[in-house]
Amino acid sequence: MPIPQDDRTIGRRLLRDDVYHRLRDAIVDGTLVPGEQLRDAELATWLGVSRTPIREALLRLAEAGLVSALPGRSTTVSSLDARDIREARDVVAAMHQLAVREAVGNLTDAHLDAMREANARFRAAIEEGDVEAALRADDDLHGVPVAVASNRALSTVLDQFTPVLRRAERLRFSSLGGEASVARHDELIRLCALGDADRAAEIAFGTWSSLSAVSEE
């Protein structure tokens, strides 16, 4: 049959994704705090949407472990414990290890320069104590090999589990641990430039697997 020429489905999908990302970011940055009850109607009013995309977003957030939903009772922002973070950390570390291993042979000088520029911004943010800027720069740096690897399954897993680690990253980047990350980034970039995929992948894995769970900080 002919493909329907109707863009309404695309619009709905974009709306669902936007609502999901808005709620996810509000949980990650602390706008919505652990234990806070999430009511469909209040969230719909806040974001100016219907309750349907809110409910769909909450289901996705529950799958990611950011929301706890009790059928027929209430939905609240999850209080992430050490086990939640360790499990997400190990998965994310493995995905970044895979991304680097797949990307190294295809990294251009422009890609490496982008990683260096991101690490310079990361270093400046750490020195200034700007955690949000450090997180953005860190995402930009690690996002280069992820983009070059162009593995959709890998990207999907990272999109689901990386937000769970934001609490641990904030703790690291607001402490001396952030300075150690600068050095790890430098070594990662050096090995990528040398084309040493295996060692670069191990550095990427170690960078993420060294994140401590909340109770370990």
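Residues numbered from 1 in each chain as written. Predicted model: local features only at pLDDT ≥ 70, side-chain atom pairs only at ≥ 80, totals over all residues. Heavy atoms only, no water.

Overview of the overall build of the protein chain
Where we set the bar: Every helix listed is a DSSP run of H or I at least four residues long, and every strand listed is a run of E at least two residues long, numbered separately from the N terminus. When accessible area is computed with a 1.4 Å probe and restricted to protein chains, residues below 20% of their type maximum are described as buried, those above 50% as exposed, and intermediate ones as partly exposed. Residue contacts are counted whenever heavy atoms from the two residues lie within 4.5 Å of one another. Throughout, the Shrake-Rupley method with a 1.4 Å probe supplies accessible areas, and for residues the shown protein chains are the sole cover considered.
For the protein chain, the count of helices and strands is 10 helices and two strands. Start at the N end of the protein chain and walk to the C end: the helices and strands fall as α-α-α-β-β-α-α-α-α-α-α-α. The 217 residues of the protein chain split such that 41% are buried. Looking at the protein chain alone, contacts between residues at least 24 apart form 75% of all its contacts between residues at least 6 apart. Counting only carbon and sulfur atoms, one obtains 51% of the accessible surface of the protein chain, whose full area is about 11,600 Å².

Things to note about the packing of aromatic side chains
Worth spelling out the cut-off: Pairing of aromatic rings covers Phe, Tyr and Trp, the last through its six-membered ring, and needs centres within 6.5 Å; plane angles under 30 degrees mean stacked, over 60 mean edge-to-face, and all others mean tilted. Lysine and arginine charges are scored as sitting over a ring when NZ or CZ, respectively, is within 6 Å of the ring centre and within 35 degrees of the ring normal.
This structure, assessed with the given rule, holds zero aromatic pairs. Against the face of Tyr20 rests Arg60, its NZ or CZ located 3.8 Å from the ring centre.

Some words on the confidence of the model for the protein chain
Operational definition: As a per-residue measure, pLDDT tells how confident the predictor is, with possible values from 0 to 100.
Per-chain confidence: the protein chain averages 86 in pLDDT, with 86% of residues scoring 70 or above. Low pLDDT, under 50, characterises residues 1-10; the stretch is placed with zero contacts to residues that sit more than four places away or in other chains.

A short note on the packing of helix H4 (residues 82-103) against helix H10 (residues 197-209)
What counts, and what does not: Fitted lines through C-alpha atoms give the axes, limited to the stretch in contact for helices. The angle between two N-to-C directions lies from 0 to 180 degrees. Orientation labels follow simple angle bins: below 35 degrees gives roughly parallel, above 145 gives roughly antiparallel, 65 to 115 gives roughly perpendicular, and whatever is left gives oblique. In this scheme, a crossing is called left-handed if the near helix is turned counterclockwise away from the far one by less than a right angle; it is called right-handed if the turn is clockwise.
Across the interface, H4 lies against H10 with an axial gap of 8 Å and an inter-helix angle of 160 degrees. Compared by their axis directions, H4 and H10 come out roughly antiparallel. For the pair H4 and H10, the sense of crossing is right-handed. For the pair H4 and H10, the contacting residues are Arg89, Val92, Ala93, Ala94, His96, Gln97, Val100 and Arg101 in the first and Ala197, Asp198, Ala200, Ala201, Glu202, Ala204, Phe205, Trp208 and Ser209 in the second.

Quick word on a negative patch on the surface
For the record, the criterion: Nonpolar side chains (Val, Leu, Ile, Met, Phe, Trp, Tyr) within 5 Å and like charges within 9 Å form the patches, drawn only from residues with over 30% relative accessible area and no salt bridge. Any Lys or Arg side-chain nitrogen located within 4 Å of an Asp or Glu carboxyl oxygen qualifies as a salt bridge. As used throughout, the charge tally considers Lys and Arg to be positive and Asp and Glu to be negative, leaving His and the chain termini uncounted. We put the charge of a Lys on NZ, of an Arg on CZ, of an Asp on CG and of a Glu on CD.
Together, Glu127, Glu128, Asp130 and Glu179 line one region of the surface with negative charge. Among the secondary structure elements, Glu179 is positioned in helix H9 (residues 177-194).

Observations concerning the pattern of salt bridges
According to the stated counting rule, one finds 17 salt bridges in the structure shown. In this structure, Arg89 and Asp90 form a salt bridge, with 3.4 Å as the shortest nitrogen-oxygen distance. A relative accessible area of 40% means that Asp90 is categorised as partly exposed. Residue Glu117 pairs with Arg121 through a salt bridge whose shortest N-O separation is 2.7 Å. Residue Glu117 and its partner Arg121 are located together in helix H5 (residues 109-128), separated by four residues, close to a single helical turn. A relative accessible area of 41% means that Glu117 is categorised as partly exposed. The network of salt bridges with common partners includes Arg24, Asp25 and Asp159.

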